Amino acid sequence: MICLDDVSLNAGAFRLKGIHLLIPTGDYGVLMGKTGAGKTSILEAIIGFTSLTAGSITLSGRDVTRENPALRGIGYLPQDGALFSTMTVEENLAFALRVRKVEKKRIVARVKDLAELMGIGHLLSRRTHGLSGGERQRVALGRALAFEPSILCLDEPLSALDSETREQILQLLVTIHKMKGVTTLHVTHDLGEAATLADRLFRLVDGKVEMLNTA
Amino acid sequence: MSEWSGSKRGIEGYETRASRITLANRVFIASFMMIGSTYLLLIFGMLLADVLYVFEQSLGKARNSSHFWASLISDNPIAVSLRDPKIQYSIWLSMISCTLSAIGSVAFAVPLGYVLSRIPFRGRNLVDAFLDIPIVLPPLIVGLSLLILFQFAPFKWAARSIVYQVPGVILAQWAVSCAYAVRTMKMTFDQINPRCEQVAISLGCTRFQAFAWVTFPEAKLGLLTAFTLAWARSLGEFGPLLIFAGATRMKTEVLSTSVFLEMNVGNIEGAVAVSLLMIFTSIVVLMITRWASNQSAEEKASVKL
Amino acid sequence: MLGSLRRRYGSLNLQVVVVAALLVSIALIGLLIFGNPSRKSGKQSHRPILLLAAAGLREPIEEIARRYEAEYGVKVDIQFGGSNSLLSQIQVDRISTPDLLLVSDASYTQQAVEKSLAKETLSIAIQRPCVIVRKDATIEIRTVDDLIAPGRRLSIGNPDQAAIGKAVREALQRIPAADGSNQWLRLESSVSQYGVFKPTVNEVANDVRIGAVDAGIVWNATVSSPAYKDTLRVIELPELASQSEMVSMAVLASSQQPTEALKFARYVSARDRGLEVFHSHGLEVQEGDDWAARPEINFFCGAVNRRSIEPILEKFQEREGVIVNTIYDGCGILTGRMKTIQNQDPSLGFPDLYLACDRYYLDNVKDWFQEDVDISDIEIVMVVPKGSTLISTPQDLLKPGIRVAIGQPDQCTIGALTKRLLDRDGVYESLMKKQLEPGETVVEKSSSALLVPDVLTGHVDVAIAYLSDVMPNRGKVDIVHFESGDNVAIQPLSVAKNSRHKQLLRRFYEAVWREGSSFESKGFHFRYGNPAVSSAVRHVAK
């Protein structure tokens, strides 16, 4: 689960105070808000790249407020995808496993399964350079899920896609969530996405998070 | 025709407007090219003057000798310089010391550039400005400061094997070229998306792993640029070398000081010949690194099957 | 294939680059140290060095040779004999090729040099003659007359064979005897009658030890040998003790490996090597150089001297097997650099040797140097383009439109001397005023070598430079002489007081002394050939 308790943070231009957010384990949370309101900062705080000035963050029952981001076990999909451009798709997907020193055979098998799930099995030996927007998001998602994280954080994953691709990826997210049931925090400014995906809906307005009742 | 198709000149037809714009565009490009080419002409002129000077001297000697073509090939100032064991030594030392200096520059520039780019700390701006000093200081002052530095302990103890010796050459070259390399690496790291590192960390990396596996590979092109820059800077370094390492022939003499030494004995054509050698060497090195960077840029863009 | 290589590359990037950089660096450093094209070492000749040595010096020199062999693996074969005998041997023997001569009297090495049998000489230590008797002897000898008392059996060195003999002869020849002759003649006849002349000093000492004679005359150092120390007693006679003689080594012209020979000679005369051994054997050692297998000397040389001194330097470095770090520059810059070096310490870059462009630039650092000798002088002239008639007197420099190039007075000697030359009649002041006027060109250079090129390229109408700067381009320019005096620069060579290699430097002085033609051909007037000057140095070189 994801729990933000009375969190305050300063991140560049953003000052947020007294944020409360709770997403129970297995739920899909969507955080909405106008662009530039500070949604990314909240995500960054959860992942561990921005430090809090007050409050605490608990993930899956563990207080991670001061914990190293490498240990939090969060799958992160940043706003611009941020694929590793010097590696192939296969290496991108395998990255988290290589870090954990999983043996080669298992990595190869896992990457194969992952790629099939994401629908990019045919792209494995490609460099990330010439991929389309949709393909990039699939790779990024696969990379984030490779090590079976308990939390998933997505920063506006569909915003830069054309409407047809957006539909595809949206369906992919639904499918994955049904299959894996990973606690997710999805940040967006689009109501449509929220409607489809959210178990819990939040809105960031004037530096405060309010929970909305889902439909 | 809508009310917006006119201009100061009154309502003009489509054709007129099209040709006017085309002409204006041509004039614009042409004038920019002319301004730029003035500078290019200066560089070209200087090189050409050097070449012509040497050529003139060679012709003069060749005419006076009995075998014209043989003399032209073997008695021209460049050939004479190349035969001179002092110049041969100077070339040998230059190649080695510039390479060592460039490797050393990059070795220090990568960590320093990374820290300056990624790691916030108090006084970061101050350090940044500080690193401009070797670039801004007149070269002679760098040399003099080094000399004075080595009067003090603990440097004093190493002075005997460094001052006026070969390691002094490498040190003086490194002292200046490193600053250029740091600038380049910092810029390189600045341009690399920090998000990638963040993703890597969130996937479980230590900062070092994130640097080694994600950031560093992306910085390769910048690394090459920094190396080339440092190499070229080391080759051209003169002031600090003269003061700190001396210009002892067959010992601490490198190409840049060779030019000076030849001039000092009044051997102008020897000086110009060595200058041409230096220019040639620089062009070769620059071309090699251009080619190498093109290769890797191509590789990035290619589609692997 | 390349693709999979690249893929593997991707993850090992940092390691690969770091390792590659390290390997390349190590290779380059190795190349730097061992592949140096200027180093001709590797031609280590392991041929033994042949040394002819005075028998009286047997013990110290054998020990020094042992140490040298242990340190450098080079064997030194020594042949012993009386000093004069060895000299005669060298003169006569045309076949063998000894490398070095070591004698107990410097006049022998001097003779060798004069007869072109030897090249360099090195002074080592001093010995003095003294009388010896057996420790248990009861005879009293207090004066020379006691020595020559009738019936006295004496053993002394043969003056035509051993240095000790010659020394005694010289000492006693000076002392008149009661019968109108001198003490030597008396001694000689006494010894002929009752005593014996021996060819080496060792044999004299042996004679006394075994009791074959009553007394003998040997070197004071001879007695400190363990063989004699316990059995002999020394009697000092002032007439003899005042006749000190210098142990001297010479590099022979017949040597096939002069550089190796010189290296050993330096070892023998080095303060912390050979001289220590001689000292422990009772000799009074001279001031020696610090030992280094390949000594390095810092030489500051005014730019004007470059062409004349360079060939001498090259030959010297090659023959002696030393490295001379030469810095050529304007004297103002050189003296400025000297002033920045703490304690005038040669290891921090202070020069061991300094050849200035003019005495002017020695005077202001005089306290740090010694033994300065005027090597040469060079005329200062006005240089104009060929065929130009614009300049005939210094006043012509002030004519409007005439472009002038001179040296900068604080940076180089030519500048300082030009200023002195033109200060007469206020020409220099007016020239400086002219410099400030718009459209006029009066350019100051930091070194004399930069002056003539400006005339050659047509950038100035006249330059004031040294005659030697003009020589390489003699056909392309004309020279106008100064009528007044003071138009000559005098170049002094001097040694730093703090140098640790003074003996080596004195040999450099000798090398310069021999090479007058190198200077004359470059337009200098060679002064060092002047006997008055050269003998001053030879005395100093002792």
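Each value, and the rule that gives it
- Residues numbered from 1 in each chain as written.
- Chains lettered and ligands numbered in written order.
- Predicted model: local features only at pLDDT ≥ 70, side-chain atom pairs only at ≥ 80, totals over all residues.
- Helix = DSSP H or I, 4+ residues; strand = E, 2+ residues; numbered from the N terminus.
- Buried ≥ 20, exposed ≤ 12 C-beta atoms within 10 Å, placed from the backbone.
- Contact = placed C-beta atoms within 7 Å.
- Expected span 1.5 Å × (residues − 1).
- Bend = angle between axes of the 7 residues up to and from the residue.
- Core = buried A, V, L, I, M, F, W, Y, C linked by C-beta atoms within 7 Å.
- Pairing = 2+ DSSP bridges.
- Axes fitted to C-alpha atoms, helices over the stretch in contact; angles between N-to-C directions.
- Nonpolar A, V, L, I, M, F, W, Y, C, P; charged D, E, K, R; others polar.
- Parallel < 35°, antiparallel > 145°, perpendicular 65-115°, else oblique.
- pLDDT = per-residue confidence, 0-100.
- Left-handed = near helix turned anticlockwise from the far one by under 90°.

*Asks:* Would you mind going over the overall build of chain A in detail, with residue names and values included?
*Replies:* Along its length, chain A carries six helices and ten strands. Considering chain A as a whole, with its 215 residues, one finds that 46% of them fall into the buried category. Partitioning the intrachain contacts of chain A with sequence separation of at least 6 by distance along the chain shows that 69% fall at a separation of at least 24.

*Asks:* Describe helix H9 (residues 166-191) of chain B, naming the residues involved and giving the relevant values.
*Replies:* Residues and elements named next belong to chain B. Compared with an ideal rise of 1.5 Å per residue, which puts 26 residues at 38 Å, H9 spans 37 Å between its outermost C-alpha atoms and is within 8% of the ideal. At alanine 175, H9 shows its largest kink, close to 30°. Counting buried residues along H9, 21 of its 26 residues qualify, which places the element largely inside the surrounding structure.

*Asks:* Help me get a handle on the nonpolar core, residues and values and all.
*Replies:* Counting 135 residues, the largest nonpolar core has Cys153 of chain A together with Val106, Ala181 and Ala230 of chain B as the members making the most contacts within it. Dropping the residues within four chain positions of it, alanine 181 of chain B is found in contact with Ser105, Val106, Ala109, Ala226, Leu229 and Ala230 of chain B.

*Asks:* How would you summarise the sheet that holds strand S3 (residues 100-103) of chain C if you had to cite specific residues and measurements?
*Replies:* All names here are of chain C. The mixed open sheet is built from six strands, whose spatial order is S2-S1-S3-S10-S4-S11. Taken across any chain shown, the strands that pair with only one partner, and hence form the sheet edges, are strand S2 (76-81) and strand S11 (284-285). Relative to strand S10 (residues 245-252), S3 runs antiparallel, the two being bridged by four bridges. For leucine 100, the partnering residue across the bridge sits in S10 and is valine 251. On the sheet, helix H11 (residues 258-268) packs against strand S1 (49-54), S2, S3, strand S4 (118-127) and S10 and is oriented at approximately 160° with respect to S10.

*Asks:* Describe the interface of chain C and chain B, and please don't skip the residues or the numbers.
*Replies:* Taken residue by residue, the interface counts 31 residues in chain C and 30 residues in chain B. Taken together, the elements giving at least two residues each to the side of chain C that touches chain B come down to helix H1 (2-34), helix H13 (306-320), strand S13 (323-329) and helix H18 (451-456) of chain C. Top element by residues in the side of chain C that touches chain B is H1 of chain C. It accounts for eleven residues. Of the residues contributing to the side of chain C that touches chain B, the split by class is 15 nonpolar, 13 polar and three charged.

*Asks:* For the packing of helix H3 (residues 83-92) of chain C against helix H4 (residues 106-114) of chain C, give the residues involved together with the corresponding values.
*Replies:* Residue and element names in this part refer to chain C. The interhelical angle for the contact between H3 and H4, taken along N-to-C directions, is 10°, at an axis separation of 10 Å. Judged by the inter-axis angle, H3 sits roughly parallel to H4. Judged by residue contacts, Ser83, Asn84, Leu87 and Ile90 of H3 engage Tyr108, Gln111 and Ala112 from H4. Taken together, the residues of the contact of H3 with H4 sort by class into four nonpolar, three polar and no charged.

*Asks:* Kindly report on the confidence of the model for chain B, identifying the contributing residues and their values.
*Replies:* Of all residues in chain B, 92% attain a pLDDT of 70 or more, and the chain-wide mean is 85. Confidence estimates for the predicted assembly give a pTM of 0.65 and an ipTM of 0.88.

*Asks:* Provide a residue-level description of the packing of helix H4 (residues 85-118) of chain B against H9 of chain B, including the pertinent values.
*Replies:* Residue and element names in this part refer to chain B. Look at H4 against H9: their axes get within 6 Å of each other, and the N-to-C directions meet at 40°. It follows that H4 is oblique to H9 by the angle criterion. Relative to H9, H4 is oriented so that their crossing is right-handed. Residues of the contact of H4 with H9, tallied by class, amount to 18 nonpolar, nine polar and three charged.

*Asks:* For the sheet that holds strand S9 (residues 232-235) of chain C, give the residues involved together with the corresponding values.
*Replies:* Residue and element names in this part refer to chain C. Reading across from one edge, S7-S6-S8-S5-S9 is the order of the five strands in this open sheet, with mixed pairing throughout. Strands with a single pairing partner mark the edges of an open sheet, and in this sheet they are strand S7 (196-198) and S9. Sheet twist, expressed as the mean angle between neighbouring strand axes with direction ignored, is 35°. Strands in contact with helix H8 (residues 201-210) are strand S5 (129-134), strand S6 (154-157), S7, strand S8 (215-219) and S9; relative to S8, the strand with the most contacts, it is inclined by about 145°.

*Asks:* Mind laying out unusual backbone geometry, listing which residues take part and the relevant values?
*Replies:* Backbone geometry places alanine 82 of chain A, a non-glycine residue, at a positive phi of 50°. Residue position: alanine 82 of chain A is located in the loop between strand S6 (74-77) and helix H2 (89-99). For alanine 82 of chain A, a count of 21 C-beta atoms within 10 Å gives the class buried. Of note in this structure, glutamine 344 of chain C is not a glycine but carries a positive phi near 50°. Inspection of the secondary structure puts glutamine 344 of chain C in the loop between helix H14 (331-340) and strand S14 (353-355). Given 19 C-beta atoms within 10 Å, glutamine 344 of chain C falls into the partly exposed group.

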